[in-house]
Amino acid sequence: MIYFWLKGDASFPWAAGGVFAASAFCAFGVFRKELPIMENFETSAIVNMLSGLVVAVFYYFVILIMEATVIREIDYMVVIPVVAASMVITIILNPLKSRVEGMVQYMFFPELGKKKEVSFNFSKEIVNIMDRKDLFNYMINTTGFLFFIKKAAVFVYDEGFGKYLPETTVGIKNPEKLQFSRQNSFVRYMEKRKHYVFWDKIKDDYRLIRIKEELEAAAEEGITLWFPLISRNTLLAFFGIGQKATGEYFNAKDLELLSNLISGATISFENIQLYELTQRLKELDEMKKDFVSNVTHELKSPLTAIQSCADFLLKKRAGDLTRTQMDYLVIVQNNTARLTRFISALLDMAKIESAKLDLYLEETRLPDLAGEICMLFSPYAKEKGIEVHLISKPD
């Protein structure tokens, strides 16, 4: 344009005006989706066109000012400040690009802006969900709101049945018929593919005839699109949805948005599983405490009776005893006392949880301790025909 102006072409203002009008028409056509060839333009492309439009307007007014001042003979160096000024304008507009994109979306593509807003809110909300039912209901409600979906189901692996069973469903008449084992070709295909699966592509591919047979029941229920929830190469669950109620097909933007939702849901579901495992461990810990408390109580009662009987016999209230009998009773008495102390320590759950048990150190004579051990095991030794003798030196 500068070139024509320098040549003195008097029609340049009209040409510049025509360029400006054509740019405005193209931009308006993209906004209104009236140009089929530009229907799939990104919002960023529209913003770039707006930036170019601003620069074109700048050029146009510069030329008008120059013509108004009747500067016909001009050096080519005039081009340098004009180009520099246009670059400055571009630099100034660049930081505002994201805000302008948002404005363009809400002004000319409100549906796209609404979807992104719902997707953003979904990513924030699922972080605070700690119940799988709430998560799956939120997933189904969000996808239903975004894409007008009337049928959906979430399948989660059940260790008891060894199958993926429908955990939450909407619009499914016979969910009990939809079950998938880990050995199913469809499950292995999902784990390997790590990507969404279309029923239309499965049924038309003769190489996937086995998967087609496994998905026919789900297709009859209206489930035509599947998304896996995979973490560390393990298929945690998968999400199946039906077609849009409007009859439209899922385009690339829809699939990208759905994939992002599923990625967030996968992280949230993994956190929920960890939370459930933590709760289960707490329940098991409480069960362990109750078990130890009951067992120690049941053991302490008979031990008290045994110790009382041993004391009664040692005091010769039931008659005289031989030296050997008294030695055996002393062994019974000492071991019941030791076992009672151990049970008392078990009852103190705080000591068990802190992994600390009090040790009571006291002086003892090794010959006496060895003698007790010999007397403790001598009856068992005699049954085997073994004699146990203690040989010790005097102090």
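What counts and how
Residues numbered from 1 in each chain as written. Predicted model: local features only at pLDDT ≥ 70, side-chain atom pairs only at ≥ 80, totals over all residues. Heavy atoms only, no water. Axes fitted to C-alpha atoms, helices over the stretch in contact; angles between N-to-C directions. Helix = DSSP H or I, 4+ residues; strand = E, 2+ residues; numbered from the N terminus. Parallel < 35°, antiparallel > 145°, perpendicular 65-115°, else oblique. Contact = heavy atoms within 4.5 Å. Nonpolar A, V, L, I, M, F, W, Y, C, P; charged D, E, K, R; others polar. Salt bridge = Lys/Arg side-chain N within 4 Å of Asp/Glu carboxyl O. Buried < 20%, exposed > 50% of the residue type's maximum accessible area, 1.4 Å probe, protein only. Expected span 1.5 Å × (residues − 1). Pairing = 2+ DSSP bridges. Core = buried A, V, L, I, M, F, W, Y, C linked by side-chain atoms within 4.5 Å. Phe/Tyr/Trp six-rings, centres within 6.5 Å; stacked < 30°, edge-to-face > 60°.

Asker: So what's going on with the packing of helix α7 (residues 132-147) against helix α11 (residues 252-314)? Which residues, and what values?
Answerer: The contact between α7 and α11 brings their axes to 10 Å, and the two run at 170°. Considering their axes alone, α7 and α11 lie roughly antiparallel with respect to each other. For the pair formed by α7 and α11, the contact residues are Arg-132, Leu-135, Phe-136, Met-139, Thr-142, Thr-143, Leu-146 and Phe-147 on the first element and Asp-254, Leu-257, Leu-258, Leu-261, Ile-262, Ala-265, Ser-268, Phe-269, Ile-272, Gln-273 and Glu-276 on the second. Broken down by class, the residue content of the contact of α7 with α11 amounts to 12 nonpolar, four polar and three charged.

Asker: Can you explain the pattern of salt bridges? Please cite residues and give values.
Answerer: Under the definition given, this model contains nine salt bridges. In this structure, Asp-200 engages Lys-203 in a salt bridge whose closest nitrogen and oxygen atoms are separated by 3.7 Å. Note that Asp-200 and Lys-203 are positioned in helix α9 (residues 199-203) at a spacing of three residues, about one turn of the helix. Residue Asp-200 is classed as partly exposed on the basis of its relative accessible area of 31%. The class for Lys-203 is partly exposed, based on a relative accessible area of 36%. Between Asp-205 and Arg-207 there is a salt bridge, with the nearest N and O atoms lying 3.0 Å from each other. Exposure remark for Arg-207: the relative accessible area of 64% places this residue in the exposed category.

Asker: Account for α11, naming residues and giving values.
Answerer: Look at α11: 91 Å from first C-alpha to last across 63 residues, which is about the 93 Å you get at 1.5 Å a residue. Among the residues trailing α11, Lys-316 stands out with phi positive, at a value near 60°.

Asker: An account of the pairing of strand β2 (residues 163-170) is needed here, citing residue identities and associated values.
Answerer: A regular strand carries its side chains on alternate faces of the sheet. Bridging between strand β1 (residues 152-158) and β2 involves seven bridges; their strand directions are antiparallel. The partner of Ala-153 across the bridge, within β2, is Thr-169. What sits between the antiparallel neighbours β1 and β2 is a turn of four residues, in which Gly-162 has the positive phi angle 70°. Looking at chain direction, β2 and strand β3 (residues 180-181) are connected through two bridges and run antiparallel. Its bridge partner lying in β3, Lys-163 is registered against Ser-181.

Asker: Now, about the nonpolar core: what can you tell me, with residues and values included?
Answerer: Ranked by internal contacts, the top residues of the largest apolar core, which has 32 residues, are Leu-225, Phe-227, Phe-239, Ile-241 and Phe-250. Breaking this core down by element, the ones donating at least two residues are α6 (110-125), α7, β1, β5 (225-231), β6 (234-241) and α11. Per element, the largest residue contribution to this core is eight residues, and it comes from α11. Excluding residues that lie within four positions of it along the chain, Phe-239 makes contacts with Met-139, Ile-140, Thr-143, Ala-152, Ala-153, Val-154, Leu-225, Trp-226, Phe-227, Leu-229 and Ile-262. With 20 residues, the next largest nonpolar core counts Leu-178, Val-187, Val-197 and Leu-215 among its residues.

Asker: Describe the packing of aromatic side chains, with residues and values.
Answerer: Within the structure shown, the criterion is met by 16 aromatic pairs. An angle of 45° between the planes, with centres 5.3 Å apart, marks the rings of Tyr-164 and Phe-238 as tilted. Residue Tyr-164 is found in strand β2, and its partner Phe-238 is found in strand β6; the two are separated by 74 residues along the sequence. Judged by its relative accessible area of 0%, Tyr-164 is buried. Look at Phe-238 and you get buried, because its relative accessible area is 0%. What links up through ring pairs into an aromatic cluster is the set Phe-155, Tyr-157, Tyr-164, Phe-180, Phe-186, Trp-226 and Phe-238.

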